[in-house]
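# Observations on chain architecture
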Amino acid sequence: MEGPWFFFSEEVTQKISLSPTPPYFSSGYIPYLIATYEKGPMGDVKFIEGYPE
């Protein structure tokens with residue numbers, strides 16, 4: 001699994017184009033971001049509410 005996974009509110013009905021590098025998507029979608037999931041190379045998992053700082 002590469003890169004973070006993003007979970008958006010159901011209010012976003014259009015398809016979001018993601019980039020493989022930061023910024024991953026348009027900043028206009030940040031208010032609709034519920035959580036971010038990341039898995040590190042050693043298997044460590046981060047589940048962050050909203051966008052990672």
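Right, let's walk through the structure included here.

Reading the values: the criteria
Residues numbered from 1 in each chain as written. Predicted model: local features only at pLDDT ≥ 70, side-chain atom pairs only at ≥ 80, totals over all residues. Heavy atoms only, no water. Helix = DSSP H or I, 4+ residues; strand = E, 2+ residues; numbered from the N terminus. Buried < 20%, exposed > 50% of the residue type's maximum accessible area, 1.4 Å probe, protein only. Contact = heavy atoms within 4.5 Å. Patch = residues over 30% accessible without salt bridge, like charges linked within 9 Å, V, L, I, M, F, W, Y side chains within 5 Å. Areas by Shrake-Rupley, 256 points an atom, 1.4 Å probe, with all protein chains shown as cover. Salt bridge = Lys/Arg side-chain N within 4 Å of Asp/Glu carboxyl O. Pairing = 2+ DSSP bridges. Axes fitted to C-alpha atoms, helices over the stretch in contact; angles between N-to-C directions.

### Section: the environment of Glu38
Inspection of the secondary structure assignment puts Glu38 in strand 2 (residues 33-39). By relative accessible area, which is 25% here, Glu38 ends up partly exposed. Sequence spacing of Glu38 and Leu18 is 20 residues, and the spatial spacing of their C-alpha atoms is 15 Å. Among residues more than four places away in sequence, those in contact with Glu38 are Pro4, Asp44, Val45, Lys46, Ile48 and Pro52.

### Remarks on a nonpolar patch on the surface
Taken together, the side chains of Trp5, Phe7, Ile34 and Phe47 make up a nonpolar region of the molecular surface, amounting to roughly 450 Å² of accessible area. Mapped onto the elements, Phe7 comes out in strand 1 (residues 5-8). For Phe7, a relative accessible area of 37% corresponds to the partly exposed category.

### Regarding the sheet that holds strand 1
Taken in spatial order, the three strands line up as 1-2-3 in an open sheet, and their pairing is antiparallel. Unpaired on one side and paired on the other, strand 1 and strand 3 (45-49) mark the two borders of the sheet. Mean inter-strand twist for the sheet, computed between neighbouring axes without regard to direction, equals 15°. Where strand 2 and strand 3 come together, five bridges link them in antiparallel fashion. When the sheet's bridge partners are listed, Ala35 is paired in strand 3 with Glu49.

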